[in-house]
Amino acid sequence: MEAPQNLKKMWPSGAMRLVTVLSNSIHSRVTKINHIEESLTKVGFPDARKVLFINLFIFNIFQVCVTVQRKFAELDNRLIEGYLETRRDPIVCAVEPGMYAGMFDWGTCPRPTQVRPYVKLCLIEVVAVHAELHSVSQKLLASVLPKVIDGLGDEFVRLLGSVSKFSAHGGLQARIEIRAIEECTALYSSPRSKELFEEALKLLPSVPGNEERQLEEQIMQNFRKQMHIQLMALRDQ
């Protein structure tokens, strides 16, 4: 029997349900299992690290708790992967068509004037993920959001590594766009994402002179003004 349509509209999205279950799982693993172990010890069970023989079976509270925590950790990983498929993968997959919108060519592109729209849209989607995670549990940000940034780093390395030729302007445009993403997501970067963005930058030609460096800084300053709300959101833990 199907639920009424008005009730279906009240249900949270699949991604939100995943995040909620993930939050509950992490709370159980980190907090509740330890409380159960302490309670069993207080009511007369032997010390958590001693072995008790019951009906010819070895019952060890400590080992049972460790096993349960491991199972919860495995569940956490599956839930995180399911959530990333729902939320991270569409963000990452949108990078390539946005990067090459309008027949863009790294070898013939004009002098940079701005951070292009696809980067801004990408960051807006990251902010949406941040808001979704934060609405359930602030603790989820550190465990999930860095994996989204890792995915973006992987995609930039893949795409820029396949470019046959960068003009000076193309290299500068790519550098600006990498800097924009790195700066906005710095709070949730991981050692892996830092390494990936550094690898992407190494694929680009060096900035030739002071004029280009000044242009880069001017574009970044304009970008910070335009995206200050998104920057504020991603600086909130």
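*Asks:* Give me the packing of helix α6 (residues 140–161) against helix α7 (residues 168–184): which residues, what numbers.
*Replies:* Between α6 and α7, whose axes approach to 12 Å, the crossing angle comes to 170 degrees. One way to sum up the angle between α6 and α7 is to call them roughly antiparallel. Contacts from Leu152, Phe156 and Leu160 of α6 reach α7 at Ala174, Ile178 and Ile181. Split by residue class, the contact of α6 with α7 holds six nonpolar, no polar and no charged.

*Asks:* Go over the packing of α7 against helix α8 (residues 191–202) with me, naming the residues and quoting the values.
*Replies:* Remark: α7 packs on α8, axes separated minimally by 10 Å, with the N-to-C direction vectors making an angle of 170 degrees. Classified by the angle between their axes, α7 and α8 sit roughly antiparallel to one another. On α8, the residues touching Arg175, Ile178, Ile181 and Glu182 of α7 are Phe197, Ala200 and Leu201.

*Asks:* Pulling in residues and values, what's your account of the confidence of the model for the protein?
*Replies:* Overall, the prediction assigns the protein a mean pLDDT of 83, with 80% of residues at 70 or greater. When pLDDT is averaged over each helix and strand of the protein, the minimum, 46, is found for strand β1 (residues 52–54) and the maximum, 97, for helix α4 (residues 95–99). Of the regions scoring below 50 in pLDDT, residues 51–58 engages in nine contacts with residues more than four places distant in sequence or in other chains.

Conventions used here
Residues numbered from 1 in each chain as written. Predicted model: local features only at pLDDT ≥ 70, side-chain atom pairs only at ≥ 80, totals over all residues. Heavy atoms only, no water. Axes fitted to C-alpha atoms, helices over the stretch in contact; angles between N-to-C directions. Helix = DSSP H or I, 4+ residues; strand = E, 2+ residues; numbered from the N terminus. Parallel < 35°, antiparallel > 145°, perpendicular 65-115°, else oblique. Contact = heavy atoms within 4.5 Å. Nonpolar A, V, L, I, M, F, W, Y, C, P; charged D, E, K, R; others polar. pLDDT = per-residue confidence, 0-100.

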